[in-house]
Amino acid sequence: HWWSCPGGIIAVAAMMSPVKPRSPIDLQGVPNLPGFTPSPKRDRFHKSQAWGFVGGRRMEFVEGLTHDRPKFVQAAPSPSKWKQGSLPMSTNRDVFSAVQQPAQANLPAWDALDRMVLRFYAFFKEPVVETNLENFRVRRCIMYYYLEDDTMHITEPRVDNSGIPQGTLVRRHRMPKPDGSGYISPGDIKVGSTIQVYGKTFQICDCDTFTREWSASQGMEQPAAVGMPTDMFTVTQSQNTLRQTAIQERTYEKLFREVQLGGGHINENMQQFLENDRKVCRFFAVCDDIMTSQYERRPFVLLYFLSNDTMEIRELYPLNCGRDNFPVWFRRGKLTKDGQPHIRGPADSTPTDDDFLSVRDLYVGQNVRILAHDFLIYDADEFTRAFFEQELRQQLVDKLDVRLPMAAVPKPPTPPYNGFGSLEDSYASVLSLVPKVPKKDFHKLMAEDGKILRFTAKFLDPNPEDINRRFVFSFHLFDDSVAIHEPPQRNLGIVTGKFLEKGVHLNGGTGTLFKPEDLLPGKVVSVFNHTFEMLDMDEYTRRHMEGIPPDYPSVDLHAVVAKIREGLRQQYPLVRDIFRKFDRDHNGVITLDEMDEVLKKFGFQLPRAEVLAVFRHFDTARDGQVSYNEFCDALLDEDYTVDTMKRKPPLQTAQDPDFASRTSDKTIQRGEMSRVRRAAREVSDVLYKKVGLLSKLRSQLARMTVGRPQKVVSSEEFRYAFMQTGHVFELADLERAILFVMPEADLNAIPFVQLFEGFEACYHDLAAIR
């Protein structure tokens, strides 16, 4: 087939065999025809720049002269991996695979050979002409060859007391060969050979493991290591290292030879200073100060410095001692044994070492006189005791008790009560300059409210017109107040009624406040200059004074229950609100104590047996607690009844000891349950709300369990870990919380990791208000 086109004639042969791919046509040789310009094949169109500035100077950059062409090496590329991210696995991974990477790639040397360094151990000998002890010194070096840019640097490890500067000998750069034919390459460095760098000849002794493996991979096996020679300086250093002390031992023969030669020991006592520097013996002492108006025992610290046999005395000031805080009582210096201060002049003889106090003169229990003051040493620190035991072969006695007995401060007598105001108000002005309101005993107020003891009395020495007058003393137990009333009598001729206002009054006969024992029949009391003789008391008072309980029941319990039922209905519109009001701990039930509070709220001060009878009327299940359904049944009437005018079941007043024991057990159980929930809530609040506390506790407990086969701790250790973080819990509360989270746990082997997980899991189940 033939086709014609404006640009010419192209023949295409249609063949049945497969068509071979054609090579791209090079159009660079086609002349520039009008309307047709082939695109150039260049990839880079920039104009090369050969000039630049180096160090502020203009310089022409020529490849091979000022810089080299970047180095490329053949290396295996890093494997290409699928990037998964946070998306789920894709199904096309089963069909399509990652692109196959070539086995070798042309990579830049800074990428392929990054952090690859060859390390060789070498030495060179340096002649020593300054001394006849050695002729040369072997200087050990380490040569580093960086494969990424063919640079090297040579360092010398520092040797103590060598006397020569050491460190970096040649900085990192490309080092030329001695003949100038190029730069040193890895093939020029072999173990056992020598290499010359800037006029110094280095002997290669060994190389590290990486260098040997890399050389073997490149076909350049490194020979075995060569021994490094020693010099006299190294031998001397090794001999000095084997000695136990850094200085030469000081002997009598050495001192005699030095004096014979005219030298002597110029650094006197230098050995004592070097051996005992920063070693201080500390003694604790007291001084009885009798110069002050009040006897005082003042504590001191005696410091003895072993480096130069000097002493320093410091005073320990107790709190609120009233003294100025100048702790240094005696500045560091030597003290004489006679204990007296001395002022010496130029003409006085120099005292010897025997004239001064030494450490042997100080020990626990000794009375030492220093500067005209007597000190009693009663204790020493651990270092001092160890020094006396190891160096002086002397055992110090134990600490002495030098504490003075507490001075008995006589309590000033309380001034007598003058009768004005109440006794509590007057006594508050005695206790403090600013009187506070006296606190009332609310427990006594609630328990004894409404209990009144009544006694009859008459005047002790009455006038003729007062012989027939009789009085009634009313003693109120809830606040110990007394009121006197005179009952009316026919043809008495005297206005009767209130004789003494109710209040806390003073018994003039005893000088104290009235008590029930003061009003017993036959006794004499005095009130505001009136003397009375007690005659009799009523039956309730007699039973109370003799400790006889009141008859059961003492009140109409049916009326009490009816009044409570009616009062609760009028107080709250919903029974649910009534139940929540009296359920203090919000545990869903009402206990006997909570029922007792309900009765007291309505003004019924009933004995425990009668409260138990009322509680049993509400508790139809006889399980020792009143649930919400039982409370509703006792308080509300049924919506639909079969019988006409159906009434509530009657109140059972008979005593039931079994029910009383069940109620007591249930009250104790509910109280313990409340304490358990409170303890678990407090511990979980601390663990959940304190950021970072959980990790601190885990690390603290992990240190405690080092060496144990299992990560378990005891409850005491668990409490100690909390105390270390600043949170103090009672041991009983902590054990309650642990058993709440892990009921089967052993308190001596608690797995704390599972325990913390349990506290975090049950945090939201322990709300304070349910």
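To be clear, the structure that these remarks concern was listed above.
These remarks concern the structure in this document. As the structure is a prediction and not an experimental result, all values here were calculated from the model.

Some thoughts on the overall build of the protein
The number of helices and strands found in the protein is 19 helices and 30 strands. Taking all 770 residues of the protein together, the buried fraction comes to 30%. Nonlocal contacts in the protein, meaning residues at least 24 apart in sequence, comprise 50% of its contacts between residues at least 6 apart.

Some thoughts on the environment of Ser 664
Examined against the element boundaries, Ser 664 turns out to sit in helix α15 (residues 657-689). Separated by 72 residues in the primary sequence, Ser 664 and Leu 592 place their C-alpha atoms 7.9 Å from one another.

Here we look at a negative patch on the surface
The grouping of Asp 338, Asp 353, Asp 354 and Asp 355 at the surface amounts to a negative patch. Position of Asp 353 among the secondary structure elements: in the loop between β16 (328-333) and β17 (367-370). Given the relative accessible area of 64%, Asp 353 is considered exposed.

Here's the deal with the pattern of salt bridges
Per the counting criterion, the structure on display carries 31 salt bridges. Ionic pairing is found between Asp 188 and Lys 177, a salt bridge with its closest N-O pair at 3.4 Å. Of this pair, Asp 188 sits in the loop between β10 (167-173) and β11 (194-197) while Lys 177 sits in the loop between β10 and β11, and the two are eleven residues apart along the sequence. One salt bridge connects Glu 539 with Arg 542, and the closest N-O pair in it is separated by 2.1 Å. Taken together, the residues span about one helical turn, with Glu 539 and Arg 542 both in helix α9 (residues 539-546) at a distance of three residues. On the basis of relative accessibility, which here comes to 44%, the residue Glu 539 falls in the partly exposed class. Several salt bridges share partner residues, and in doing so they unite Glu 672, Arg 675, Arg 678, Glu 682, Asp 733 and Arg 736 into one network.

Let's talk about the packing of aromatic side chains
Inspection of the entire model under this criterion finds 18 aromatic pairs. Seen in terms of ring centroids, Phe 459 and Phe 532 are 5.1 Å apart; in terms of plane orientation they differ by 25°. Their pairing is stacked. Here Phe 459, found in strand β19 (residues 452-459), pairs with Phe 532, found in strand β26 (residues 530-537); they are 73 residues apart in sequence, far enough to count as distant. Across this residue pair, the class does not change: Phe 459 and Phe 532 are buried. Between the aromatic rings of Phe 752 and Phe 756, the centroid separation amounts to 6.4 Å while the plane-to-plane angle is 65°, which identifies the pairing as edge-to-face. Residue Phe 752 and its partner Phe 756 are both found in helix α19 (residues 752-761); the two are separated by four residues, about one turn of the helix. Classification of Phe 752 by relative accessible area gives buried; the value is 4%. Aromatic ring contacts, followed pair by pair, group Phe 459, Phe 471, Phe 473, Phe 499 and Phe 532 into a single cluster. Cation over ring: Arg 174 sits above Tyr 183, and NZ or CZ is 4.1 Å from the ring centre. The lysine or arginine in question, Arg 332, covers the ring of Phe 305, its NZ or CZ lying 3.7 Å from the ring centre.

A short note on a nonpolar patch on the surface
On the surface, Ile 290, Met 291, Tyr 295 and Leu 404 cluster together into a nonpolar patch covering about 490 Å² of accessible area. Locating Met 291 in the fold gives a position in the loop between β13 (280-289) and β14 (296-305).

Quick notes on the sheet that holds strand β12 (residues 200-207)
Spatial strand order, β10-β9-β8-β7-β12-β11: six strands in an open sheet with antiparallel pairing. A strand with exactly one partner marks an edge of an open sheet, and here the two such strands are β10 and β11. Taking the axes of each pair of neighbouring strands and ignoring which way they run, one obtains an average angle of 30° across the sheet. Relative to β10, strand β9 (residues 151-156) is paired through four bridges, and the arrangement is antiparallel. By the bridge assignment for β10, Glu 156 is matched with Gly 167.

Details of the sheet that holds strand β22 (residues 497-503)
Strand order in the open sheet made by the six strands is β22-β21-β20-β19-β26-β25, with antiparallel pairing throughout. At either end of the open sheet lies a strand with only one pairing partner, and these are β22 and β25 (524-527). Sheet twist, expressed as the average angle between the axes of neighbouring strands with direction ignored, equals 30°. Note: β25 against β26, four bridges, orientation antiparallel. When the bridges of β26 are listed, Val 525 appears paired with Phe 532. Strand contacts of α9: β19 and β26, with the helix running at about 110° to β19, the strand carrying the most contacts.

A few points about helix α13 (residues 608-618)
For an α-helix the count is 3.6 residues per turn, leaving residues at separations of three or four pointing the same way. In terms of residue burial, α13 counts as a mostly covered element, since nine of its eleven residues are buried. Burial in α13 covers these residues: Glu 610, Val 611, Leu 612, Ala 613, Val 614, Phe 615, Arg 616, His 617 and Phe 618.

Observations regarding unusual backbone geometry
Within the chain, Arg 278 stands out as a residue other than glycine whose phi angle is a positive 65°. Its place among the elements puts Arg 278 in the loop between α5 (270-276) and β13. With a phi close to 55°, Leu 371 is a non-glycine residue in the positive phi region. Turning to its location among the elements, Leu 371 is positioned in the loop between β17 and β18 (373-380).

Looking at the pairing of strand β7 (residues 117-127)
Sheet topology places β7 next to strand β8 (residues 136-146); eleven bridges connect them, and they run antiparallel. Each residue of the ladder has a partner; that of Pro 127, found in β8, is Phe 136. Two strands pair when backbone bridges link them, and β7 and β12 are joined in this way by four bridges, in the antiparallel orientation. Residue Phe 120 lies in a different strand from β12, and its bridge partner there is Cys 207.

Describing the packing of helix α11 (residues 575-582) against helix α14 (residues 628-635)
The interhelical angle for the contact between α11 and α14, taken along N-to-C directions, is 120°, at an axis separation of 11 Å. Judged by the angle between their axes, α11 and α14 are oblique. For the pair α11 and α14, the crossing hand works out as right-handed. Only Tyr 628, Phe 631, Cys 632 and Leu 635 of α14 make contact with α11, whose side of the interface consists of Val 575, Arg 576, Ile 578 and Phe 579.

Parameters and conventions
- Residues numbered from 1 in each chain as written.
- Predicted model: local features only at pLDDT ≥ 70, side-chain atom pairs only at ≥ 80, totals over all residues.
- Heavy atoms only, no water.
- Helix = DSSP H or I, 4+ residues; strand = E, 2+ residues; numbered from the N terminus.
- Buried < 20%, exposed > 50% of the residue type's maximum accessible area, 1.4 Å probe, protein only.
- Contact = heavy atoms within 4.5 Å.
- Patch = residues over 30% accessible without salt bridge, like charges linked within 9 Å, V, L, I, M, F, W, Y side chains within 5 Å.
- Areas by Shrake-Rupley, 256 points an atom, 1.4 Å probe, with all protein chains shown as cover.
- Salt bridge = Lys/Arg side-chain N within 4 Å of Asp/Glu carboxyl O.
- Lys, Arg positive; Asp, Glu negative; His and termini not counted.
- Charge placed at Lys NZ, Arg CZ, Asp CG, Glu CD.
- Phe/Tyr/Trp six-rings, centres within 6.5 Å; stacked < 30°, edge-to-face > 60°.
- Lys NZ or Arg CZ within 6 Å of the ring centre and 35° of its normal.
- Pairing = 2+ DSSP bridges.
- Axes fitted to C-alpha atoms, helices over the stretch in contact; angles between N-to-C directions.
- Parallel < 35°, antiparallel > 145°, perpendicular 65-115°, else oblique.
- Left-handed = near helix turned anticlockwise from the far one by under 90°.

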